[in-house]
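# Chain and residue survey
Here is what each chain is made of, one letter per residue.
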Amino acid sequence: MISFHEVHKNYSIFDRDVHALRGVTTDIARGDLTFILGVSGSGKSTLLHLAGALDRPTAGRVEFDGRDLTTLDPIERAHLRRKRIGFVFQSGNLLPQLTALDNVLIARIPSGISSSDRQRARDLLKRVGLEDRIHHRPRQLSGGEAQRVAFARAFLGQPEVVLADEPTGELDTESGQQLMTMLGELRAEEGTTVVIVTHDLSLPGPGHRILSLSDGKILSDERIGENGPTPSPKIATARPLSSEEFQT
Ligand SMILES: Nc1ncnc2c1ncn2[C@@H]1O[C@H](COP(=O)(O)OP(=O)(O)OP(=O)(O)O)[C@@H](O)[C@H]1O
Ligand SMILES: [Mg+2]
């Protein structure tokens with residue numbers, strides 16, 4: 001579903017080049033649960049940003065369902081992200097002035113929020129145990145609750161893939177585990193492909209893959225147990241996008 005072909009990413013800063021990725025080739029298959037591990041600076045976030053079309057490689061190719069992401073213009077990439085990808089970051093990135101419900105709905109604001117969006121947002125907040133916190137603002141939520149809002153937001157548009165960058169990084173062990181359990185359940189219910197940068201491998205599920213990065217390269221790639229949940233109808237009927245669907 002997402003393929004990396006000899007992907008390099010350099011950042012130039014003060015005339016110095018940082019080689020964040022140095023020739024990464026791998027495939028993330030539909031329905032997979034992939035953990036990305038590696039020490040700080042090994043390129044994990046860079047890899048996730050490229051997978052989510054948030055950034056472009058310096059060399060090599062990243063494909064989403066066979067479509068080379070480097071050929072998409074910024075508007076097409078934004079469209080792809082909005083329609084097919086959900087993101088969760090280390091600190092939820094919730095807007096402080098909006099309620100939990102409006103934070104979940106934020107991606108819908110430009111196009112107009114339908115009553116079914118609103119219902120799905122409420123259902124998701126309920127699903128992550130926040131039915132009593134729907135009208136709370138981020139500062140009125142605990143760190144774990146704020147991250148649960150971030151998960152509900154990521155799943156709102158029924159994305160095919162959710163990319164999470166250390167979502168439990170700022171939480172205590174117990175809230176981190178609760179969040180991981182929730183992610184495992186949401187993933188199984190919705191048939192979502194999940195790629196997660198984390199040191200917490202406790203996400204429940206029949207199987208997973210661990211991709212370790214070191215200094216911008218893949219150090220190891222391990223599959224553990226049966227892979228992924230039983231494919232949901234959404235996975236079974238998944239097909240490559242037509243070029244019209246890539247347009248806005
Ligand atoms: N925007 C940027 N400009 C310059 N250098 C960057 C930029 N983003 C990342 N880097 C550098 O690229 C390398 C890889 O960074 P990346 O954020 O992918 O690491 P990481 O594995 O996610 O680390 P951490 O576990 O600390 O989040 C690091 O050396 C970092 O300093
Ligand atoms: Mg990082």
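Scroll up to find the structure this text is about.
Since the model is a prediction, treat every value here as computed from it, not as a measurement.

The next point concerns unusual backbone geometry. A positive phi angle, close to 45°, is found at Glu6, a residue other than glycine. Inspection of the secondary structure assignment puts Glu6 in strand β1 (residues 2–13). Judged by local crowding, Glu6 falls into the partly exposed class, with 13 C-beta atoms found within 10 Å. We note that Gln158 has phi near 45°; this positive angle belongs to a residue other than glycine. Along the chain, the position of Gln158 falls in the loop between α5 (143–155) and β7 (161–165). With 13 C-beta atoms counted inside 10 Å, the residue Gln158 sits in the partly exposed group.

We now examine the sheet that holds β1. The four strands lie next to each other as β2-β1-β4-β5, forming an open sheet whose pairing is antiparallel. Here the strands that pair on one side only, and so sit at the sheet edges, are β2 (16–28) and β5 (67–68). Pairing geometry for β1 and β2, over ten bridges, is antiparallel. Within β2, the position partnered with Val7 by the bridge is Val24. Against the sheet, helix α1 (residues 44–51) engages β1, β2 and β4 (59–64), with an angle of about 60° to β2.

Every α-helix winds through 3.6 residues per turn, so residues three or four apart in the chain are directed the same way. With 13 residues, α5 extends 19 Å between its outermost C-alpha atoms, agreeing within 8% with the 18 Å of an ideal straight helix rising 1.5 Å per residue. Of all 13 residues making up α5, twelve are buried, and the element is well covered by its neighbours. Inspection of α5 places Gly144, Glu145, Ala146, Gln147, Arg148, Val149, Ala150, Phe151, Ala152, Arg153, Ala154 and Phe155 among the buried residues, and these make up the whole buried set. For α5, the secondary structure elements touched by its buried residues are β6 (85–88), α3 (100–104), α4 (115–127), β7 and α6 (173–190).

Before going further, it helps to spend a moment on the pairing of β7. With five of its five residues buried, β7 lies for the most part within the structure. Alternating positions in β7 separate into two faces, Val161, Leu163 and Asp165 on one and Val162 and Ala164 on the other, with burial throughout. In terms of strand pairing, β7 meets strand β8 (residues 193–197) through five bridges, oriented parallel. Counted as the bridge partner of Asp165 is Val197 from β8. Where the polypeptide runs from β7 across α6 and back to β8, its parallel neighbour, the crossover connection is right-handed.

This next bit is on the environment of Gly207. Looking at where Gly207 falls in the secondary structure, it is placed in strand β9 (residues 207–214). Put simply, Gly207 and Ile224 are 17 residues apart on the chain and 5.5 Å apart in space, counted from C-alpha to C-alpha.

In a beta sheet, neighbouring strands pair by backbone hydrogen bonds and run either parallel or antiparallel. Here we have six strands laid out as an open sheet, ordered β6-β7-β8-β3-β9-β10, and mixed in their pairing. Looking at which strands have only one partner, the edges of the open sheet turn out to be β6 and β10 (217–225). Across the sheet, the axes of successive neighbouring strands diverge by a mean angle of 15°, strand direction being ignored. Its contacts with the sheet place α1 against β3 (33–37), β7, β8 and β9, and it is angled at close to 155° to β8.

What counts and what doesn't
- Residues numbered from 1 in each chain as written.
- Chains lettered and ligands numbered in written order.
- Predicted model: local features only at pLDDT ≥ 70, side-chain atom pairs only at ≥ 80, totals over all residues.
- Helix = DSSP H or I, 4+ residues; strand = E, 2+ residues; numbered from the N terminus.
- Buried ≥ 20, exposed ≤ 12 C-beta atoms within 10 Å, placed from the backbone.
- Pairing = 2+ DSSP bridges.
- Contact = placed C-beta atoms within 7 Å.
- Axes fitted to C-alpha atoms, helices over the stretch in contact; angles between N-to-C directions.
- Expected span 1.5 Å × (residues − 1).
- Right-handed = clockwise from strand over helix to strand, strands pointing away.

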